[in-house]
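Each chain, written out:
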There are 2 protein chains.
Amino acid sequence: MKVLIVHAHPEPKSFSSALKDTAIEVFREGGHDVQVSDLYAMGFNPVASVDDFGNRANPDYCVYALEQRHGVSNGTISPDIQRELDKLMQCDLLVLNFPVFWFSTPAILKGWLDRVLVSGTVYGGTRFYDRGGLRGKRAIVSVTLGGQAHMFGNDGVHGPIEGMLRHLLQGTLGYTGLDVLAPFVGWHVPYVSNEERLALLKAWRQRLSSLEEETPLAFPSLDDFDENMYPKSS
Amino acid sequence: MKVLIVHAHPEPKSFSSALKDTAIEVFREGGHDVQVSDLYAMGFNPVASVDDFGNRANPDYCVYALEQRHGVSNGTISPDIQRELDKLMQCDLLVLNFPVFWFSTPAILKGWLDRVLVSGTVYGGTRFYDRGGLRGKRAIVSVTLGGQAHMFGNDGVHGPIEGMLRHLLQGTLGYTGLDVLAPFVGWHVPYVSNEERLALLKAWRQRLSSLEEETPLAFPSLDDFDENMYPKSS
């Protein structure tokens, strides 16, 4: 199995980095091929802009998605995007590993999504959800956060974490056709004991070694919608 | 009323930019004071990092939120953050205006949220939702997207837009204590006629002139939770 781990934490000694290192270790022990994009270490540029295109489909007016298609077809998309896109298309499993910033990814990782999940290759027209360009691959999100698990229960103050992360789990990863596993969440990380952190690493190690057996989250199927995206039953 | 418009679109001639210009015009006509942070034009740096702090509470290990507190208290936070924070704290209404990228903000705007919504001033400990640091101010999100309105109905393929934007509307803006109004959504913008675009601008203009009369979205109240964030009724 080929694994791509995309990691985004500003502190190399963070617990999030330990989750990343654990994942590398477990996958390599399992004989898998592991690529790592450590976005802070790479100084990854997260800003989607006209500078991403060596030449332009329309030099006068930038529709970012159309320029992505043009850039990929013509091999003129920015080399830093092309490198990440190649890693993504080659992988069987994508791991996004990050601390939750405002119930989402840090901006540097959001920019990886904005720039690397290119229109045409990854999605486009009615090629999304179970018809997306990344179907057949799996994805898992591993996060750390300050809140406690009970704050994310059904009667918790924030509601379920899957609701807060819907834009990412369903709207981004699921949208591209990936089979998305339940997120791995390190609750309350800045406040817990070293013992609890070690227990979290152990739990992560256990999940990693049996990801292939997990059932992905359920997302909409385009089989249930007509070509204009109206529900077929109505 | 003091208004802060934070705008993030890579194409200055975009329809999203027209929404921004319309907002500036309507607010100025109404005698309001308008500040604009046009993040692409400013070349805003979206990457939260150790470089954001002139000196450090802990030079050996960066907990970003703790360094934010230290930086704001000591006046040593990066000047580009301090400038935006000053605009934010002075405003009565915050407008976030952007194209939806992956059911969220473009990375450059995510980075504005990551870096400017500083711990201590904006939130912290149990100061969130109706006890957040920005309570008393209002916010509205105005977005453009490619999808059509019926794709975001209750039986639509993506479900309600408020669900996809929950991390932003509730988890970010609501979390800081802002009174968040229903988003203004320009559906299907890349595909609609010029007439339809003009109708959208007219609808936006109408909403802008009566925002004060609108009822904000409902979010949790900390009155319903004890000091450990367990529901009081349980």
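Identification of chain A as Flavodoxin family protein from Paraburkholderia pallida is taken from an unreviewed UniProt entry. The UniProt entry for chain A carries the following text under Sequence similarities (unreviewed entry): "Belongs to the NAD(P)H dehydrogenase (quinone) family."

> When you look at the pattern of salt bridges in this model, what are you seeing that I'm missing?
One side chain can pair with another of opposite charge once the charged atoms of both are near each other. Residue and element names in this part refer to chain B. The final tally for this structure, using the stated rule, is 20 salt bridges over all chains. Of the charged contacts, one joins D21 and K20 as a salt bridge, the two residues approaching to 3.0 Å between their closest N and O atoms. For K20, a relative accessible area of 11% gives the class buried. Residue E67 is joined to R56 by a salt bridge in which the shortest nitrogen-to-oxygen separation is 3.5 Å. Of this pair, E67 sits in helix α3 (residues 64-74) while R56 sits in the loop between α2 (39-42) and α3, and the two are eleven residues apart along the sequence.

> Teacher, can you tell me more about the interface of chain A and chain B here?
How big an interface is tends to be expressed through the accessible area that disappears when the partners come together. Contacts between the two partners involve 52 residues from chain A and, on the opposite side, 53 residues from chain B. When the two sides are added together, the surface that chain A and chain B hide from each other amounts to roughly 4,400 Å², 65% of it contributed by carbon and sulfur. Linking chain A with chain B are zero salt bridges. Connecting chain A to chain B are 23 residue pairs in polar contact (both at pLDDT 80 or more). Broken down by secondary-structure element, the contributors of at least two residues to the side of chain A that touches chain B are α5 (107-116), α6 (161-164) and α7 (166-174) of chain A.

> Can you help me understand the nonpolar core in this one?
Nonpolar side chains in soluble globular proteins generally cluster together in the buried interior. If you look at the biggest cluster of nonpolar residues, it comprises 110 residues, and the most contacted ones within it are L88, L94 and W112 of chain A together with L88, L94 and W112 of chain B. Not counting the four nearest positions on each side in its chain, L88 of chain B is found in contact with L4, L94, W112, V116, L117, V122, L134 and K137 of chain B.

> Could you clarify how one ought to interpret the relation of the copies chain A and chain B in this entry?
Superposition of the two copies of the chain requires a rotation about an axis and a shift along the axis. Mapping chain A onto chain B leaves a residual RMSD of 0.0 Å; the transformation is a rotation of 180° accompanied by 0.0 Å of translation along its axis. Both chain copies can therefore be described as sitting about a two-fold axis. Relative to the rotation axis, the C-alpha of A107 of chain A is the closest in chain A, positioned 2.5 Å from it. When the interface residues of chain A are mapped onto chain B, 100% of them again lie at the interface, so the same face is used by both copies.

> Would you take a moment to explain the packing of helix α1 (residues 15-29) of chain B against helix α8 (residues 194-208) of chain B for this structure?
In a packed pair of helices, the relevant descriptors are the angle between the two axes and the axis-to-axis distance. Residue and element names in this part refer to chain B. The N-to-C vectors of α1 and α8 enclose an angle of 35°; their axes lie 10 Å apart at closest approach. For the crossing formed where α1 meets α8, the hand is right-handed. Packed against α1, whose contacting residues are F15, A18, L19, T22, A23, E25, V26, F27 and E29, the element α8 presents R197, L200, L201, W204, R205 and L208 at the interface. A class-by-class count of the residues in the contact of α1 with α8 yields ten nonpolar, one polar and four charged.

> Just checking my understanding: could you explain unusual backbone geometry for this structure?
For residues that are not glycine, phi is negative in most cases, and the peptide bond is trans in most cases. The phi dihedral of F103 of chain A is positive, around 55°, even though this residue is not glycine. Here F103 of chain A lies in the loop between β3 (93-99) and α5. Notably, Y129 of chain B is not glycine yet its phi reads approximately 45°, a positive angle. By the element assignment, Y129 of chain B lies in the loop between α5 (107-116) and β4 (138-144). Here Y129 of chain B falls in the buried class, since its relative accessible area comes to 1%.

> Explanation requested: the packing of aromatic side chains in the structure shown.
The geometry of an aromatic ring pair is captured by the separation of the ring centres together with the interplanar angle, meaning the angle of the planes. Overall, the coordinates contain 24 aromatic pairs over all chains when judged by the stated rule. Judged by centre distance (4.9 Å) and plane angle (15°), the ring pair of F128 of chain A and Y175 of chain A falls under stacked. Pair noted here: F128 of chain A is in the loop between α5 and β4 (138-144) and Y175 of chain A is in the loop between α7 and β5 (179-180), with a separation of 47 residues, a long-range link. Overall, Y175 of chain A belongs to the buried group, its relative accessible area being 13%. Counting every residue linked through ring pairs, the aromatic cluster contains W102, F103, F152 and W187 of chain A together with Y123, F128, Y129 and Y175 of chain B.

> Help me out: how do you make sense of the side chain of T172 of chain A in this one?
Counting through the fold element by element, T172 of chain A comes out in helix α7. Residue T172 of chain A is classed as buried on the basis of its relative accessible area, which comes to 1%. Once you skip the residues sitting within four places of it in the chain, T172 of chain A turns out to touch L113, L117 and H167 of chain A together with W102 of chain B.

> Looking at this structure, how should I read the pairing of β4 of chain A?
The side chains of a regular strand alternate between both faces of the sheet. Residues and elements named next belong to chain A. Burial runs high along β4: seven of the seven residues are buried. Of the two faces of β4, both are covered, the one formed by R138, I140, S142 and T144 as well as the one formed by A139, V141 and V143. Relative to β4, β3 runs parallel, the two sharing seven bridges. Note that in β4 the partner of F98 across the bridge is V143. Taking the sense of rotation as the criterion, the β-α-β connection linking β3, α5 and β4 turns out right-handed. Pairing between β4 and β5: two bridges, direction parallel. Bridged to R138 within β5 is D179. Taken together, the three bridges between β4 and strand β6 (residues 184-186) define a ladder with parallel strand orientation. Its bridge partner being in β6, V143 is matched across the sheet by V185.

> Where do I start with the environment of A149 of chain B in this structure?
Within the element layout of this structure, A149 of chain B appears in the loop between β4 and α6 (161-164). Measuring from C-alpha to C-alpha, the distance between A149 of chain B and D60 of chain B comes to 50 Å, with 89 residues separating the pair along the chain.

> Looking at this structure, how should I read the environment of S16 of chain B?
Residue and element names in this part refer to chain B. Tracing the sequence through the fold places S16 in helix α1. Look at S16 and you get buried, because its relative accessible area is 2%. Sequence separation between S16 and L96 is 80 residues; the distance between their C-alpha atoms is 11 Å. Apart from the residues within four sequence positions on either side, S16 is in contact with H7, H9, N97, F98, P99 and T144.

What counts and how
Residues numbered from 1 in each chain as written. Chains lettered and ligands numbered in written order. Predicted model: local features only at pLDDT ≥ 70, side-chain atom pairs only at ≥ 80, totals over all residues. Heavy atoms only, no water. UniProt positions renumbered as here; feature names shortened; annotations may be inferred. Salt bridge = Lys/Arg side-chain N within 4 Å of Asp/Glu carboxyl O. Buried < 20%, exposed > 50% of the residue type's maximum accessible area, 1.4 Å probe, protein only. Helix = DSSP H or I, 4+ residues; strand = E, 2+ residues; numbered from the N terminus. Contact = heavy atoms within 4.5 Å. Buried area = accessible area lost by both parts, 1.4 Å probe. Polar contact = N/O pair within 3.5 Å; in protein donor to acceptor, adjacent residues only side chain to side chain. Core = buried A, V, L, I, M, F, W, Y, C linked by side-chain atoms within 4.5 Å. Least-squares fit on C-alpha atoms with pLDDT ≥ 70 in both. Axes fitted to C-alpha atoms, helices over the stretch in contact; angles between N-to-C directions. Left-handed = near helix turned anticlockwise from the far one by under 90°. Nonpolar A, V, L, I, M, F, W, Y, C, P; charged D, E, K, R; others polar. Phe/Tyr/Trp six-rings, centres within 6.5 Å; stacked < 30°, edge-to-face > 60°. Pairing = 2+ DSSP bridges. Right-handed = clockwise from strand over helix to strand, strands pointing away.

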